[in-house]
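Here are the chains, one letter per residue:
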Amino acid sequence: MLNDNTAVVTGGSRGIGRAIAVKLAGLGADIAIIATRDSDRAQDTIKTIEDMGRKARLYVCDISDIEAVNNAVSQIITDFGGIDILINNAGITKDKLLMQMNEEDISDVIDVNLKGSMYVTKACLRNFVRKRHGRIVNISSVVGLMGNAGQVNYSASKAGIIGFTKSVAREYASKGITCNAIAPGFICTDMTDKMPKEAIDAMLDNIPCKRYGKPEEVAHLAAFLVSDEASYITGEVIKIDGGMYI
Ligand code: NAP
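In this report, we go over the structure that sits alongside the text. (Residues numbered from 1 in each chain as written. Predicted model: local features only at pLDDT ≥ 70, side-chain atom pairs only at ≥ 80, totals over all residues. Heavy atoms only, no water.)

## Observations concerning the overall build of the protein chain
Quick note on the threshold: Secondary structure follows DSSP: runs of H or I at least 4 residues long count as helices, runs of E at least 2 residues long count as strands, and numbering of each begins at the N terminus. Radius of gyration: C-alpha atoms only; globule rule: 2.2 Å multiplied by the number of residues to the exponent 0.38. Each residue's exposure class comes from its accessible area (1.4 Å probe, protein chains only) as a fraction of the maximum for that residue type: buried when under 20%, exposed when over 50%, partly exposed otherwise.
Secondary structure assignment for the protein chain yields 9 helices and 7 strands. Relative to the globule expectation of 18 Å for 246 residues, the C-alpha radius of gyration of the protein chain, 17 Å, shows essentially globular dimensions. Summarising its shape, the C-alpha atoms of the protein chain cover approximately 45 × 35 × 35 Å along the three principal directions. Buried positions account for 51% of the 246 residues belonging to the protein chain.

## Description of the packing of aromatic side chains
Let me state the cut-off plainly: Here a Phe, Tyr or Trp ring, Trp counted by its six-membered ring, pairs with any other such ring whose centre lies within 6.5 Å, and the pair is stacked when the planes are under 30 degrees apart, edge-to-face when over 60, and tilted otherwise. For a ring to carry a charge above it, either NZ of a lysine or CZ of an arginine must fall within 6 Å of the ring centroid while also lying within 35 degrees of the normal to the ring plane.
A full pass over the atoms with the stated rule returns 1 aromatic pair. For the ring pair Phe-186 and Tyr-212, a centre distance of 4.3 Å and an interplane angle of 35 degrees mean the geometry is tilted. Within this pair, whereas Phe-186 is found in the loop between β6 (177-184) and α7 (190-193), its partner Tyr-212 is found in the loop between α8 (197-205) and α9 (215-225), the two being separated by 26 residues in sequence. Look at Phe-186 and you get buried, because its relative accessible area is 6%. Over the aromatic face of Phe-80 sits the side chain of Lys-55, whose NZ or CZ is 4.5 Å from the ring centroid.

## With respect to the site of the ligand
Just so we agree on the cut-off: Residues are classed as near a molecule or strand on a simple rule: at least one heavy atom within 4 Å of it. As used in this structure description, the phrase polar contact means that two N or O atoms lie within 3.5 Å; if the pair is within protein, one of them must be able to donate a hydrogen and the other to accept it, and residues adjacent in sequence are counted only when both atoms belong to side chains. Using the Shrake-Rupley algorithm and a 1.4 Å probe, accessible areas are obtained, with residue cover drawn only from the displayed protein chains. Using a 1 Å grid laid over the protein atoms alone, points where a 1.4 Å probe fits but cannot get out form a cavity; open sets with protein on both sides within 12 Å along at least 5 of 7 lines form a pocket; any residue with an atom within 4 Å of a point counts as lining. Molecules are considered to sit inside a cavity or pocket once more than half of their atoms lie within 2 Å of its grid points.
Not every one of the 29 residues close to the ligand is listed here, only the nearest: Ser-13, Thr-36, Asn-89, Tyr-154 and Thr-189. At 3.0 Å from a nitrogen atom of the ligand is found a main-chain nitrogen or oxygen belonging to Ile-63. Taking 910 Å² as the accessible area of the ligand by itself, protein coverage stands at 95%. The cavity where the ligand resides is the largest pocket.

## Brief notes about the pattern of salt bridges
What counts here: One speaks of a salt bridge when a side-chain nitrogen belonging to Lys or Arg is within 4 Å of a carboxyl oxygen belonging to Asp or Glu.
For the structure on display, the rule yields 12 salt bridges. Arg-14 is paired through a salt bridge with Asp-190; the nearest N and O atoms lie 2.8 Å apart. Separated by 176 residues along the polypeptide, Arg-14 in the loop between β1 (6-10) and α1 (15-26) and Asp-190 in helix α7 bring together distant segments of the chain. Given a relative accessible area of 33%, Arg-14 falls into the partly exposed group. In this structure Asp-190 comes out as partly exposed when scored by relative accessible area, which is 27%. When the shortest N-O distance is used, the salt bridge between Arg-18 and Asp-44 registers 2.9 Å. One end of the pair, Arg-18, is in helix α1; the other, Asp-44, is in helix α2 (residues 40-51), with 26 residues separating them in the sequence.

## A few points about the nonpolar core
As a reminder of what qualifies: Joining through side-chain atoms within 4.5 Å is the link that ties buried Ala, Val, Leu, Ile, Met, Phe, Trp, Tyr and Cys residues into a set, and such a set is a nonpolar core. Should any heavy atoms of two residues lie within 4.5 Å, those residues are considered in contact.
One finds Ile-20, Leu-24, Ile-31, Ile-87 and Ile-182 to be the most contacted residues of the largest nonpolar core, which totals 31 residues. At the level of elements, β1, α1, β2 (30-35), α2, β3 (56-60), β4 (85-88), β5 (134-139) and α9 are the ones that each hand at least two residues to this core. Each residue touching Leu-24, except ones within four places of it in the same chain, is listed here: Leu-2, Ala-7, Ala-29, Ile-31, Ile-85, Ile-87, Ala-223 and Val-226. Formed by 28 residues, the second largest nonpolar core is a distinct cluster that contains Val-69, Ile-83, Ala-90 and Val-120.

Printed below as a string of structure tokens:
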């Protein structure tokens, strides 16, 4: 289904990004992964994709650094011959009550989650416009829709992703480029592993499906949004949260 496509997956070394990278590779895409470091997890993801018969490369880049992003995306275009799909998935948390948050807690989360996604998208757009085709999927969060105590910085960054998604969708729809957001609820990854147990238990009480989500479930949705079948869907925000925020 995605043969001859190249997908860039930010934060594709582990968690949701890894699941999306592996899913898209399974559908025939070659994969460029962006992550902050050349870790064992990143290498394992690369090897998994190569074992599936697809091309995979890791680009070490902090997406909050616009110069580094521009260099990484240029290198990806040189190495792969172009980009068809962008998954803006990389993200961080620095959870605290607002009263305890310092300037760095706020700016780091906004810089990576929101500004970083804009930098990578901006760097890929000329290539999409030239092809008159592109698929952008931004990973937001249900907390960007509903808010969450202890996550003022994070939920603001994820709400920002929604405005960013809708605006990019409006600017580039006529060029054959779609831009949608996925808003996951609680998905088991390293990010949720570091949450306090009481917070995790309290969250389960509020999930009608009475279980947490899996990265692979988010990956299925991303695969649909980048497919030809989804070519008339743009500017949408699709929740995948077991009913956490209805
Ligand atoms: P994760 O397991 O913590 O993985 C984060 C990924 O982002 C890693 O690949 C990491 O690279 C990369 N990354 C972090 N900062 C970066 C930076 N400055 N530049 C480039 N890459 C960076 O996270 P996850 O749970 O899979 O979450 C993925 C996305 O889904 C995030 O945007 C998150 O906000 C969103 N989300 C998650 C949940 C959930 O319940 N897990 C719910 C809603 C939304 P390294 O390996 O190099 O560190």
